[in-house]
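# Structural features, examined
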Amino acid sequence: MNIAVIDYKGGNVQSVLFALERLGVHATLTADPEQIRSADKILFPGEGEASTAMQELRSKGLDQVLPTCRQPFLGICLGMQLLGTHSEENNADMLGILPFEVKRFVADAQHKVPHMGWNNLHRLRSPLFEGVREQDYVYFVHSYHAPVGSYTIAEGEYPTPFSAAVQHENFYAVQFHTEKSGPVGTRILENFLKL
Amino acid sequence: MLTKRIIPCLDVKDGRTVKGVRFEGLRDAGDPVALAEQYAKQGADELVFLDITATNQKRQTLVQLVRDVAATLDIPFTVGGGIGSVADVEMLLLNGTDKASINSAALHRPELIDELARRFGSQCIVVAVDARYTPENGWQVYTRAGTHNTGRDAVQWCREVADRGCGEILLTSMSNDGTKDGFALDLTGDVSRAVSVPVVASGGAGSIQHFTDVFQQAQADAGLAASIFHFGEIGIQELKQTLRAEGIPVRL
């Protein structure tokens with residue numbers, strides 16, 4: 001299987017490459033449009049800040065390439081948020097593959113920001129979560145979130161519901177870190193590789 | 001519900017764990033990767049590696065360690081110890097660290113926190129704060145492995161590092177560290193209330209009750225300990241089962 005991991009200086013991609021290796025899959029870290037187009041599957045991980053990430057994608061022409069991809073595509077963390085239309089984070093315009101707007105969590109006495117740590121998944125509704133149970137824990141680290149909408153395929157709560165995972169056609173994305181979520185995360189990655 | 005995290009801390013020197021570690025069924029107790037795997041299996045939520053190597057070879061051994069751990073471990077891990085620049089953090093992140101923890105360098109030049117947060121995002125920048133209590137001055141921040149009093153008030157410094165954009169505070173009470181008398185509940189509570197980023201309490205854990213206290217009375221987001229886990233005095237599963245029975249949300 002030919003897997004492309006998008007290289008846009010989006011943070012900790014090495015962990016994703018290692019997680020794929022643990023599943024016996026070799027992936028190529030690339031920003032080359034041809035390599036990305038010809039891949040069987042695409043992973044789009046990311047951490048960091050939305051407007052900087054968008055600048056980097058634009059400078060490589062990837063803002064034009066990614067929306068045209070038709071193979072199974074998995075965004076992770078910032079890689080999920082970037083699929084939306086707009087982010088409150090430095091007022092960034094994003095890829096617009098999915099119709100959500102990314103908003104900052106509001107901190108209160110019980111809810112610190114970033115939302116950091118292990119939290120439950122609710123209302124799972126996708127083959128991506130085969131073998132994953134309602135309430136299973138995955139690892140989140142984020143200050144911004146996508147609201148729940150028709151595109152939501154799993155929800156988190158902090159304290160109000162947000163999209164823990166989204167999907168539109170071939171574009172799947174998760175807010176949590178599959179590569180850092182123990183056996184549950186590994187199962188989700190495996191499920192994606194089977195799509 | 002977001003759970004409280006249990007974090008074992010491993011001291012690493014020249015790529016090996018130091019301080020005795022006694023696990024049953026683990027032949028090479030000095031191998032950080034084997035230890036990390038063991039802790040992950042037992043249900044640790046995260047790990048912290050504190051690098052205390054002081055040689056010129058530090059960078060190379062640390063990169064190799066980070067890569068080996070990242071290749072194996074499917075839970076998040078933080079690396080701290082002598083990290084002083086944007087380049088240091090970049091090197092760690094490129095090799096698979098999830099979070100980088102800075103301490104003395106932040107006190108020396110606080111703007112470093114802003115630079116790191118802008119460059120890499122708050123979520124991967126931890127500031128470690130070592131505090132000691134004296135009746136005259138209250139809780140003050142110490143640096144250079146706890147040898148030097150900065151004269152800064154601990155709560156104020158925590159507020160500043162959070163404002164500058166760090167994503168988490170690793171708060172160690174030097175006054176409690178090694179005592180096994182419990183975490184510094186007053187300090188941890190004061191810092192938790194003062195900042196909106198997560199606070200990891202460290203120093204003083206000696207019993208399960210101490211973790212219950214720091215979560216219930218001091219609003220810590222995570223509890224970190226070293227020797228009680230290394231020596232098997234408290235099992236992570238046993239700890240988490242007890243916390244859950246007390247009504248504290250944990251991942252089991």
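The rules behind these values
- Residues numbered from 1 in each chain as written.
- Chains lettered and ligands numbered in written order.
- Predicted model: local features only at pLDDT ≥ 70, side-chain atom pairs only at ≥ 80, totals over all residues.
- Heavy atoms only, no water.
- 1 Å grid on protein atoms, 1.4 Å probe; cavity = no way out; pocket = protein on both sides within 12 Å on 5 of 7 lines; lining within 4 Å.
- Points joined across faces, edges and corners; volume = space filled by probe spheres on them.
- Helix = DSSP H or I, 4+ residues; strand = E, 2+ residues; numbered from the N terminus.
- Axes fitted to C-alpha atoms, helices over the stretch in contact; angles between N-to-C directions.
- Parallel < 35°, antiparallel > 145°, perpendicular 65-115°, else oblique.
- Left-handed = near helix turned anticlockwise from the far one by under 90°.
- Contact = heavy atoms within 4.5 Å.
- UniProt positions renumbered as here; feature names shortened; annotations may be inferred.
- Buried < 20%, exposed > 50% of the residue type's maximum accessible area, 1.4 Å probe, protein only.
- Nonpolar A, V, L, I, M, F, W, Y, C, P; charged D, E, K, R; others polar.
- Polar contact = N/O pair within 3.5 Å; in protein donor to acceptor, adjacent residues only side chain to side chain.
- Pairing = 2+ DSSP bridges.
- Arc of directions from axis to C-beta.

## Re the layout of surface pockets
All names here are of chain B. The space that makes up the largest pocket amounts to roughly 940 Å³. Lining the largest pocket are 40 residues, and of these D11, L50, D130, T172 and D177 sit closest to its centre. Secondary structure elements with two or more residues in the lining of the largest pocket: β1 (5-13), β3 (47-51), β5 (99-102), α4 (104-108), β6 (125-134), β9 (168-173), β11 (222-225) and α9 (227-230). In terms of residues, the lining of the largest pocket owes the most to one element, β3, which gives three residues.

## Some thoughts on the packing of helix α8 (residues 208-216) of chain B against helix α10 (residues 236-245) of chain B
Residues and elements named next belong to chain B. In the contact formed by α8 and α10, the axes pass within 10 Å of each other and the chain directions differ by 45 degrees. In terms of their interaxial angle, α8 and α10 are classed as oblique. For α8 against α10, the interelement crossing comes out right-handed. Residues I208, F211, T212 and F215 of α8 form the contact with α10, whose own contacting residues are E238, L239, T242 and L243.

## Digging into the UniProt feature "active site" (unreviewed entry) in chain A
Residues and elements named next belong to chain A. As recorded in UniProt, the feature "active site" (unreviewed entry) lies at C77, H177 and E179. Spanning 103 residues, the named residues nonetheless gather at one spot, since no C-alpha pair among them exceeds 10.8 Å. None of the other annotated residues line the largest cavity; only H177 do. Looking at where C77 falls in the secondary structure, it is placed in the loop between β4 (73-76) and α5 (78-81). Not counting residues within four places of it along the chain, the set of residues in contact with C77 comprises G46, V141, V174, Q175, F176 and H177. Take H177: it is sitting in the loop between β13 (171-174) and α6 (182-194).

## So, the environment of E89 of chain A
Residues and elements named next belong to chain A. With respect to the helices and strands, the residue E89 is situated in the loop between β5 (86-87) and β6 (92-93). For E89, a relative accessible area of 11% gives the class buried. Distance from E89 to Y144, taken between C-alpha atoms, is 7.6 Å for residues 55 residues apart in sequence. Setting aside chain neighbours within four positions, we find E89 in contact with G48, E49, A50, S51 and Y144.

## Thoughts on the packing of helix α6 (residues 154-163) of chain B against helix α7 (residues 185-194) of chain B
Residues and elements named next belong to chain B. One way to put it is that α6 packs onto α7 with a least axis distance of 9 Å and a crossing angle of 35 degrees. The handedness of the crossing between α6 and α7 comes out as right-handed. Contact residues: A154, V155, C158 and R159 in α6; L187, D190, V191 and A194 in α7. Grouping the amino acids of the contact of α6 with α7 by side-chain chemistry returns six nonpolar, no polar and two charged.

## Quick word on the UniProt feature "active site" (unreviewed entry) in chain B
All names here are of chain B. Here the UniProt feature "active site" (unreviewed entry) sits at D11 and D130. Here, the largest pocket is lined by D11 and D130 out of the annotated residues. Checked against the element boundaries, D11 lands in strand β1. The class for D11 is buried, based on a relative accessible area of 14%. Here D130 shows up in strand β6. Not counting residues up to four positions away in its chain, the partners in contact with D130 are N103, Q140, V141, Y142, T172 and M174. Within the local environment of D130, its side chain forms a polar contact with the side chain of N103, the two groups lying 3.2 Å apart.

## A word on the pairing of strand β12 (residues 161-168) of chain A
Residues and elements named next belong to chain A. Of the strand pairs in this sheet, strand β11 (residues 152-157) and β12 are connected by five bridges, and their pairing is antiparallel. For E157, the partnering residue across the bridge sits in β12 and is P161. The hairpin turn running from β11 into β12, its antiparallel successor, is three residues long. Alignment of β12 against β13, held across four bridges, turns out to be antiparallel. For Q167, the partnering residue across the bridge sits in β13 and is Y172.

## Some words on α6 of chain B
Each turn of an α-helix holds 3.6 residues, which means side chains three or four residues apart point in the same direction. All names here are of chain B. By the burial criterion, the buried members of α6 are A154, V155, W157, C158, V161 and A162. Down the axis of α6, the buried side of the element spans an arc of 160 degrees, and every buried residue falls inside it. The exposed residues of α6 that point more than 90 degrees off its buried face are Q156 and D163. With a side-chain oxygen positioned 3.2 Å from the backbone nitrogen of V155, the residue opening α6 is D153. Positive backbone phi, approximately 115 degrees, marks G165, located one or two places after α6.

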